Amino acid sequence: MDKINLERFPANGTFELTARCNLKCKMCLIRIDNKRMAELGGRERTADEWIRMAREVCDAGTIGLLLTGGEPMLRPDFIEIYEAIAQMGFIITLYTNATLITPEIMEVLRKFPPHKIGITAYGASSETYEKVTGDAKAYHRMIEGVELLRQLPSKIIIRTTLIKDNLDDLDNITQWAFKMGKDIEFNVSRVVIKPVRGGIAHVEDCRLTPEQNVAMLVKRKMDFIINPLKKYIEENPPQPKEGNETKRNTEDPIASINEKKLTLYGCDAGMNAYTITWDGKLVGCQLLGDCWTEPFEDGFEAAWKQFPDKVKLPPVSEECIGCKLSCNACPATRLAETGSMGELPEYLCKESKLAYKMQERLINDLKNIIKEGEMIEKV
Amino acid sequence: MKIKEGFILRKIADADIVVPIGNNIADFNGIITLNETAAFLWKLLKDGAEQPDMVEALMKEYEISRELAQTDIDNFVERLNQSDLLMEN
């Protein structure tokens, strides 16, 4: 029996406290400067407004709250906002580049540590930081910041994004991250997409080619090879040896219950998750800016309720509908790459096709190795 | 005795959950789910209610016997003690 999940509940929220940043990362999706801010015509919300909004989303049942930017610590009132929100009973995640941590910020973080801290690290030297972020000195400030944040009981995630300028530094970044210990998680972004909501970076100049991206994927993600191999072995099990083997049902009994979920964009965006942008718009996720409601003007409850009526998805390109590969295209990435939520995003498409071709080659090689092994066993 | 500082009881949809904040996240980096009775007792303990008051309140709220109320409270307090969630008034 199909079970359809009709619940729509604002469980996870993102507060984008600012879209400004002290670094000028070449691949940033979000960053705007004062000039662009003026062009876009919005204004950053005040500390009082964010604190009031936090109370509203708390009453509405939000449990996970991500505080992010831009760089949230760039705001002179970051401490005021953080200290109030951290006491309301959210599971707080804080995203930061760790380069602006003052003794005063550490004092409040020691008092109310975030449950999780995501720290972006874009290189393992001043030279790489200069190339990626435009600020060589930021490297040492980041290292110092990470050392401070590691003193907190928070879960730490080091997040990096690979572009042409830091590709050669990946091994050093990885080594540095792993040296900190097993309790530190290390994440590398899968692909870089074009800026969203007026972001000013020019990612086409710096992002990896689809070929470089796939090479990196194979290098870092052994799951990419192991999972299809596991599937191959499951589908082609070794022949059972003669004897009294127990018959076993290999079907997953739970998988037979087909759980279906209603979505707006094909994911949790707008259904169980939302973002409130620096200028006070409620959107489905931080990458979306296609439609919005106004929680500061109308109240969160009303803005959350109105949101689904605003979502209008255009038809998806024929080529995508006919494609059986799973890729990184979603309404948000399509919008960023092509300007429409239905168009085929060439960059992501090429990258996915290459990745699958590489995967196919690897599986074939492995199949041959397995066959050779079986022949050796027979001899 | 009462519940230690830094635990926030919240109603999320129909569930009562406790979110640790402050340095409690070192020991409870996640949430604690309470059933309805536990949430009722949690609120009383948070306000520093004494055991006899809790027994009376539980009997009244759920129309149960004194013995059953006392057993429920003993079990709840034991679980809180095991998790080091209580402090002296």
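Residues numbered from 1 in each chain as written. Chains lettered and ligands numbered in written order. Predicted model: local features only at pLDDT ≥ 70, side-chain atom pairs only at ≥ 80, totals over all residues. Heavy atoms only, no water.

A. Representation of the overall build of chain B within the structure. Secondary structure assignment for chain B yields three helices and five strands. Order of helices (α) and strands (β) in chain B, N terminus to C terminus: β-β-β-β-α-α-α-β. In summary, chain B has a C-alpha radius of gyration of 13 Å against a globular reference of 12 Å for 89 residues, a match within 12%. Counting only C-alpha atoms, chain B reaches 40 × 30 × 20 Å along its principal axes. Taking as baseline every contact in chain B between residues at least 6 positions apart, the subset at least 24 positions apart corresponds to 48%. If you sum the accessible surface of chain B, you get close to 5100 Å²; carbon and sulfur atoms cover 47% of it. Positive and negative charge centroids in chain B, built from 9 and 17 side chains respectively, lie 6 Å apart. (Helix = DSSP H or I, 4+ residues; strand = E, 2+ residues; numbered from the N terminus. Rg over C-alpha atoms; globule rule 2.2 N^0.38 Å. Contact = heavy atoms within 4.5 Å. Areas by Shrake-Rupley, 256 points an atom, 1.4 Å probe, with all protein chains shown as cover. Lys, Arg positive; Asp, Glu negative; His and termini not counted. Charge placed at Lys NZ, Arg CZ, Asp CG, Glu CD.)

B. Spotlight on the interface of chain B and chain A. Every contact between the two is made by 15 residues of chain B and, on the other side, 20 residues of chain A. Summed over both sides, the interface of chain B with chain A buries roughly 1200 Å², with 63% coming from carbon and sulfur. Per-residue buried area on chain B facing chain A is highest for Arg-10, Ile-21 and Ile-25 of chain B; these three make up 39% of the total on that side. The tally of links between chain B and chain A comes to zero salt bridges. Those elements that place two or more of their residues in the side of chain B that touches chain A are strand E2 (7–12) and strand E3 (15–20) of chain B. Its residues placed into classes, the side of chain B that touches chain A shows ten nonpolar, four polar and one charged. (Buried area = accessible area lost by both parts, 1.4 Å probe. Salt bridge = Lys/Arg side-chain N within 4 Å of Asp/Glu carboxyl O. Nonpolar A, V, L, I, M, F, W, Y, C, P; charged D, E, K, R; others polar.)

C. Layout of the domain arrangement of chain A. All names here are of chain A. As far as domains go, chain A holds domain 1 (2–207 + 265–310) and domain 2 (209–238 + 314–379). Distance from the C-alpha centre of domain 1 to the C-alpha centre of domain 2: 29 Å. The interface of domain 1 with domain 2 comprises 21 residues on the first partner and 19 residues on the second. Of all residues in domain 1, Arg-190, Val-191 and Arg-207 give up the largest surface area on contact with domain 2, accounting jointly for 34% of the area buried on that side. For the pair domain 1 and domain 2, the number of links is one salt bridge. Between Glu-337 and Arg-207 there is a salt bridge, with the nearest N and O atoms lying 2.8 Å from each other. Looking at side-chain class alone, the side of domain 1 that touches domain 2 contains 13 nonpolar, two polar and six charged residues. (Domains from an automatic or database assignment.)

D. Examining the pairing of strand E4 (residues 91–96) of chain A more closely. All names here are of chain A. Pairing of strand E3 (residues 64–68) with E4 involves four bridges; the strand directions are parallel. When the bridges of E4 are listed, Leu-65 appears paired with Ile-92. The parallel pair E3 and E4 is bridged by helix H3 (residues 78–85), and the resulting crossover is right-handed. Pairing between E4 and strand E5 (residues 116–120): four bridges, direction parallel. Note that in E5 the partner of Tyr-95 across the bridge is Gly-118. Taking the sense of rotation as the criterion, the β-α-β connection linking E4, helix H4 (residues 103–111) and E5 turns out right-handed. (Pairing = 2+ DSSP bridges. Right-handed = clockwise from strand over helix to strand, strands pointing away.)

E. Examining empty space enclosed by the protein more closely. All names here are of chain A. This model, assessed by the stated rule, comprises one cavity of 30 Å³ or more. A volume near 60 Å³ is recorded for the largest cavity. Lining the largest cavity we find Leu-162, Ser-189, Arg-190, Val-191, Val-192, Leu-208, Asn-213, Met-216, Arg-220 and Tyr-347. Among the elements that make up the lining of the largest cavity, the one with the highest residue count is helix H8 (residues 210–220) (three residues). Residue composition of the lining of the largest cavity, grouped by class: six nonpolar, two polar and two charged. Split by domain, the lining of the largest cavity shows at least three residues from each of two domains, domain 1 (2–207 + 265–310) and domain 2 (209–238 + 314–379). (1 Å grid on protein atoms, 1.4 Å probe; cavity = no way out; pocket = protein on both sides within 12 Å on 5 of 7 lines; lining within 4 Å. Points joined across faces, edges and corners; volume = space filled by probe spheres on them.)

F. Focus on the layout of surface pockets. All names here are of chain B. As a volume, the second largest pocket reaches approximately 310 Å³. For the second largest pocket, the lining is made up of 16 residues, of which Leu-34, Ala-38, Phe-76, Arg-79 and Leu-80 are closest to its centre. The set of elements that each furnish at least two residues to the lining of the second largest pocket consists of strand E4 (32–34), helix H1 (36–46) and helix H3 (66–82). Ranked by the residues each element gives to the lining of the second largest pocket, the list is headed by H3, at five residues. Partitioning the lining of the second largest pocket into residue classes produces nine nonpolar, five polar and two charged.

G. Geometry of the pattern of salt bridges. Residues and elements named next belong to chain A. Per the counting criterion, the structure on display carries 22 salt bridges over all chains. For Arg-45, the salt bridge is made with Glu-297, and the minimal N-O distance between the two is 3.3 Å. You can see Arg-45 sitting in the loop between helix H1 (34–40) and helix H2 (47–60) and its partner Glu-297 sitting in helix H10 (residues 295–298), a full 252 residues away along the chain. Under the relative-accessibility criterion, Arg-45 is labelled buried at 8%. (Buried < 20%, exposed > 50% of the residue type's maximum accessible area, 1.4 Å probe, protein only.)

H. Helix H6 (residues 138–149) of chain A, seen in detail. Residue and element names in this part refer to chain A. Counted at 1.5 Å a residue, the expected span for H6 with its twelve residues is 16 Å, and the 16 Å between its end C-alpha atoms agrees. The set of residues buried in H6 consists of Ala-138, Tyr-139, Met-142, Gly-145, Val-146 and Leu-149. Buried residues in H6, looked at end-on, bunch into an arc of 125°, giving them a common side. (Expected span 1.5 Å × (residues − 1). Arc of directions from axis to C-beta.)

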